[in-house]
Amino acid sequence: MKRLGLRGKLLLAQLAVLFVACLVIAAVAIAVAAPLFHNHLMMAGIEDSNVRTHTEEAFAQTMTIALLCGIAVALVGAGIAAVYIVRRVTAPITMLAEAAQSVADGNFDVTIGRSDVDADFTRLETAFADMAARLDHSDRVRKRLLADLAHELRTPVSTLAAYVDGIEDGVVPTDPSSWSVMRDQLERLRRLSCDLADVSAADEHALELDRRTENLDDVVCSATAAAGPRFADRGVELTTALPPQPITAEVDRQRIEQILANLLENALRHTPTGGSVTVTLAREGDHLTVSVTDTGDGIPADQLESVFDRFHRGDRSDGSGLGLTIARSLALAHGGNLTARRNEQPLGSTLVLTVPMGLRQLP
């Protein structure tokens, strides 16, 4: 029985049911027809026992032959129908099993046809196709992440290795400048590891939020005050535009400050000396918005979404390429969003953080 498979078992089960049904029909017909026929002969007034016996034997033989022929024809016709039905029912199961084996072997690029055999089975096919598509996307993202990560690690590791070898060989002096370069590369590795941890937590929806009622004016001022010295060193003007009335919302203060820090860092990297960056806080209905507008080159129109991808970096960006990815993940964790747009007059770009005023669950 194990070698028959699902199709063979279904076919055998249907034929067994049909065979039992034919036997029952034949047994009932024989058991009921003979007494009824005998009674009809008696009612017809046939007194001659020889005639009655011959007639009953002829009826029994005729009925038996007819039943056998009917059963044979019924079994053949039912067998053909059973084969067709079983093939139609099991064909999508076979295809789904092959697709599942393909996915198990690591090939996620599979195509699942719609058999329309049953609504539940169609839903199963749709769910499996969606699962395979998600696995394929996750596998592509994983491969790209590993490749990008290897690229990001190569530069600081190579720099550190070169300085260590140079110091060992006496080629590079052990002066403050050398220690500063190596310290910067170590800080770059530390920042990259922290960013990767945040991205991983965001992917697993494991970002922890400590929501409390916060004054967003204070949060924005705190973030801009922390970034102020770096803007002053670069000669970039940093200003804030706050509403007349304070805005409060249920947010995680540290996470919102982390978002703003990433947005300000991104704006600083893309704004030339003499430019300006403006942080605007406003309320729109039951949401608050924080806009960070710079006077840099602006984001190309075809990159307004890709800037939030992992390790996406502009021509002049020297960051890890994860800042905006983390910022959007934190915004989504608050039930909000982070979007980008290109400004034409004056030239530049604006990143808009949108957060609901009250508590909202992560979708």
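Residues numbered from 1 in each chain as written. Predicted model: local features only at pLDDT ≥ 70, side-chain atom pairs only at ≥ 80, totals over all residues. Heavy atoms only, no water.

Draft legend 1. Summary view of the overall build of the chain. If you tally the helices and strands in the chain, you get 7 helices and 7 strands. Relative to its full complement of 363 residues, the chain shows a buried share of 32%. Partitioning the contacts of the chain with sequence separation of at least 6, the portion at a separation of at least 24 is 70%. As displayed, the chain has an accessible area near 21,400 Å², and 58% of this comes from carbon and sulfur atoms. (Helix = DSSP H or I, 4+ residues; strand = E, 2+ residues; numbered from the N terminus. Buried < 20%, exposed > 50% of the residue type's maximum accessible area, 1.4 Å probe, protein only. Contact = heavy atoms within 4.5 Å. Areas by Shrake-Rupley, 256 points an atom, 1.4 Å probe, with all protein chains shown as cover.)

Draft legend 2. Region of the structure containing the pairing of strand β3 (residues 248-251). Because side chains alternate across β3, one face comprises the buried residues A249 and V251, and the other comprises T248 and E250, none of which is buried. Bridging between strand β1 (residues 212-215) and β3 involves 4 bridges; their strand directions are antiparallel. The residue of β3 that forms the bridge with E214 is A249. (Pairing = 2+ DSSP bridges.)

Draft legend 3. Layout of helix α5 (residues 216-234). With 19 residues, α5 should reach 27 Å at 1.5 Å per residue; the first-to-last C-alpha distance of 27 Å fits that figure. By the largest-angle criterion, G228 marks the main kink of α5, which is about 45 degrees, and a proline, P229, follows within four residues. For α5, the set of buried residues is L216, D217, V219, V220, A223, T224, A227 and F231. Against β1, β2 (237-241), β3, α6 (253-269), β4 (276-284) and β5 (287-294) lie the buried residues of α5. For α5, the capping residue at the N-terminal end is N215, with a side-chain oxygen 2.9 Å from the backbone nitrogen of D217. (Expected span 1.5 Å × (residues − 1). Bend = angle between axes of the 7 residues up to and from the residue. Polar contact = N/O pair within 3.5 Å; in protein donor to acceptor, adjacent residues only side chain to side chain.)

Draft legend 4. Structural view of the nonpolar core. With 41 residues, the main nonpolar core has I256, L263 and L288 as its most contacted residues. At 7 residues, the largest contribution of residues to this core is made by α6. Leaving out residues up to four positions away in the same chain, L263 has contacts with V292, L324, A327, L338 and L351. (Core = buried A, V, L, I, M, F, W, Y, C linked by side-chain atoms within 4.5 Å.)

Draft legend 5. Representation of the side chain of D294 in the model. Take D294: it is sitting in strand β5. A polar contact of 2.9 Å, which involves the side chain of D294, links it to the backbone nitrogen of G296. Engagement of the side chain of D294 in a polar contact is seen with the side chain of S349, the distance being 3.0 Å. Not counting chain neighbours up to four residues away, the residues in contact with D294 comprise A267, T271, S276, V277, L347, G348 and S349.

Draft legend 6. Geometry of helix α2 (residues 49-104). End to end, α2 covers 77 Å across 56 residues, agreeing with the expected 82 Å (1.5 Å per residue, within 8%). Roughly 30 degrees is the biggest bend found in α2, and it falls at T90, with proline P92 one to four residues downstream. Once α2 finishes, G106 follows within two positions and takes phi at roughly 100 degrees, a positive value.

Draft legend 7. Fine view of the environment of R52. By the secondary structure assignment, R52 is in helix α2. The spacing of R52 and H38 is 14 residues in sequence and 8.1 Å in space, taken between C-alpha atoms.

Draft legend 8. Molecular detail of the pattern of salt bridges. Tallied over the full model, the rule gives 6 salt bridges. E187 is paired through a salt bridge with R190; the nearest N and O atoms lie 2.5 Å apart. Of this pair, E187 and R190 both sit in helix α4 (residues 176-203), 3 residues apart, roughly one helical turn. Judged by its relative accessible area of 33%, E187 falls in the partly exposed class. Among the salt bridges present, the one from R230 reaches E265, with a minimum N-O distance of 3.2 Å. (Salt bridge = Lys/Arg side-chain N within 4 Å of Asp/Glu carboxyl O.)

Draft legend 9. Structural view of the packing of α2 against helix α3 (residues 119-169). Here α2 crosses α3 at 15 degrees, and the two axes come no closer than 12 Å. With respect to α3, the axis of α2 lies roughly parallel. Handedness of the α2/α3 crossing: left-handed. On the side of α2, the interface is formed by P92, I93, L96, A99, A100 and V103, while α3 contributes F121, L124, E125, F128, A132 and L135. Partitioned by chemical class, the residues of the contact of α2 with α3 number 11 nonpolar, no polar and 1 charged. (Axes fitted to C-alpha atoms, helices over the stretch in contact; angles between N-to-C directions. Parallel < 35°, antiparallel > 145°, perpendicular 65-115°, else oblique. Left-handed = near helix turned anticlockwise from the far one by under 90°. Nonpolar A, V, L, I, M, F, W, Y, C, P; charged D, E, K, R; others polar.)

Draft legend 10. View of the sheet that holds strand β6 (residues 337-343). Ordered by their spatial adjacency, 5 strands build an open sheet running β2-β4-β5-β7-β6, and the pairing between neighbours is mixed. Since the sheet does not close on itself, it has two edges, and those belong to β2 and β6, each with one partner. Going across the sheet, the axis of each strand differs from the next one's by a mean of 15 degrees, ignoring polarity. Bridge count for β2 against β4 is 5 bridges, and the pairing is parallel. The residue of β4 that forms the bridge with A241 is T280. Taken strand by strand, helix α7 (residues 323-333) contacts β6 and β7 (348-356), and its axis lies near 130 degrees from that of β6.

Draft legend 11. Summary view of the packing of α6 against α7. Interaxial distance between α6 and α7 falls to 9 Å at its minimum, and their mutual angle equals 150 degrees. In this structure, the crossing between α6 and α7 has a hand that is left-handed. Touching R255, Q258, I259, N262, L263 and N266 of α6 are G323, L324, I326, A327, L330 and A331, all from α7. Within the contact of α6 with α7, the residues separate by chemical class into 7 nonpolar, 4 polar and 1 charged.

Draft legend 12. Inspection of the environment of S158 at higher detail. Inspection of the secondary structure puts S158 in helix α3. Of the residues examined, S158 reaches a relative accessible area of 42% and is grouped as partly exposed. Spatially, the C-alpha atoms of S158 and Q185 are 9.7 Å apart, while their sequence positions differ by 27 residues.

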